[in-house]
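Residues per chain, in single letters:
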Amino acid sequence: MYSLSADRQSYAADPVAYYQTLTQQLNSLLEIDRNWVTNMAQTAAFIYSMIPDLNWAGFYLAQDNDVLRLGPYQGRVACVHIPYGRGVCGTVAASKEAILVNDVHSFAGHIACDSASNSEIVVPLISAGRLVGVLDIDSPVKQRFTDADLTGFVQLAQTFVDCSDLTSLG
Ligand code: SME
């Protein structure tokens, strides 16, 4: 049923349209169940398989005061706890603003969970005004991401928030 894979040609030709299609597909996938673990797992797998040139895609959870905890993801094993303000994910948790990092090695305090990562996008997940976690997308390619990717991941993150019961997070 879900034999989905990245279509590099469509992505390169019109990334904005590509992300619009992905957002509709993700919405259909997540409409099946509102459980947040289920939907984080599906979202991570969906992004990892549908966007070219990623080495990590997944979630960190806001469940404890000022420390993010590793959630469902695709990729190599990762740091379990990230204090707010540390690295890219912790910076986004503290500011609640999405960040696009062209070269993670020049980002002060970057946490190198996977040495293959060179660029990344992190999007805060906000539900009813509360931070419930962050979506973290990493690539082995420097300067991999554009503003179209940032906008696309913000849309996908919002779809996850809209389709999930997040009352036990944040
Ligand atoms: N890159 C992140 C750490 C998490 S891993 O890359 C999965 C950061 O600096 O926040």
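Please read all numbers here as calculations on a predicted model, not as lab measurements.

Draft legend 1. How the structure looks around the nonpolar core. Counting 33 residues, the largest nonpolar core has Ile-47, Leu-125, Phe-153 and Phe-160 as its most contacted members. Breaking this core down by element, the ones donating at least two residues are α2 (15-30), α3 (36-50), β1 (56-64), β5 (119-127), β6 (130-139) and α5 (147-163). Leaving out residues up to four positions away in the same chain, Ile-47 has contacts with Leu-54, Ala-57, Leu-135, Ile-137, Phe-153 and Leu-156. The next biggest cluster of nonpolar side chains, apart from the first, holds 19 residues, and it includes Trp-56, Ile-82, Val-88 and Ile-99.

Draft legend 2. Examining the state of the cysteines more closely. For the coordinates displayed, the defined rule picks out one disulfide. Across a sulfur-sulfur distance of 2.1 Å, Cys-79 and Cys-113 are joined as a disulfide pair. Across the disulfide from Cys-79 to Cys-113, rotation about the S-S bond amounts to roughly -125°, and the bridge is consequently left-handed. You can see Cys-79 sitting in the loop between β2 (67-75) and β3 (81-83) and its partner Cys-113 sitting in the loop between β4 (99-101) and β5, a full 34 residues away along the chain. Residue Cys-113 is classed as partly exposed on the basis of its relative accessible area of 33%. Note on Cys-89: no disulfide assigned, nearest cysteine sulfur contributed by Cys-113 at a separation of 7.7 Å. On the accessibility criterion, Cys-89 (5% relative accessible area) is buried.

Draft legend 3. Representation of the packing of α2 against α5 within the structure. Running from N to C, α2 and α5 cross one another at 15°; their axes reach a closest spacing of 9 Å. Relative to α5, α2 is oriented roughly parallel. Both α2 and α5 take part in a crossing whose hand is right-handed. Note on element contacts: α5 touches α2 through Ala-148, Asp-149, Gly-152, Phe-153, Gln-155, Leu-156, Thr-159, Phe-160 and Cys-163, opposite Pro-15, Val-16, Tyr-19, Gln-20, Leu-22, Thr-23, Leu-26, Asn-27 and Leu-30. Residue composition of the contact of α2 with α5, grouped by class: eleven nonpolar, six polar and one charged.

Draft legend 4. Molecular detail of α5. Given a rise of 1.5 Å per residue, 17 residues ought to cover 24 Å, and the 24 Å separating the end C-alpha atoms of α5 matches this to within 8%. Within α5, the full set of buried residues consists of Ala-148, Asp-149, Gly-152, Phe-153, Leu-156, Ala-157, Thr-159, Phe-160, Val-161 and Cys-163. Residues of α5 that are buried sit in contact with α1 (8-13), α2, α3, β1, β5 and β6. With a side-chain oxygen positioned 3.2 Å from the backbone nitrogen of Ala-148, the residue opening α5 is Thr-146.

Parameters at a glance
Residues numbered from 1 in each chain as written. Predicted model: local features only at pLDDT ≥ 70, side-chain atom pairs only at ≥ 80, totals over all residues. Heavy atoms only, no water. Core = buried A, V, L, I, M, F, W, Y, C linked by side-chain atoms within 4.5 Å. Buried < 20%, exposed > 50% of the residue type's maximum accessible area, 1.4 Å probe, protein only. Helix = DSSP H or I, 4+ residues; strand = E, 2+ residues; numbered from the N terminus. Contact = heavy atoms within 4.5 Å. Disulfide = S-S within 2.5 Å. Axes fitted to C-alpha atoms, helices over the stretch in contact; angles between N-to-C directions. Parallel < 35°, antiparallel > 145°, perpendicular 65-115°, else oblique. Left-handed = near helix turned anticlockwise from the far one by under 90°. Nonpolar A, V, L, I, M, F, W, Y, C, P; charged D, E, K, R; others polar. Expected span 1.5 Å × (residues − 1). Polar contact = N/O pair within 3.5 Å; in protein donor to acceptor, adjacent residues only side chain to side chain.

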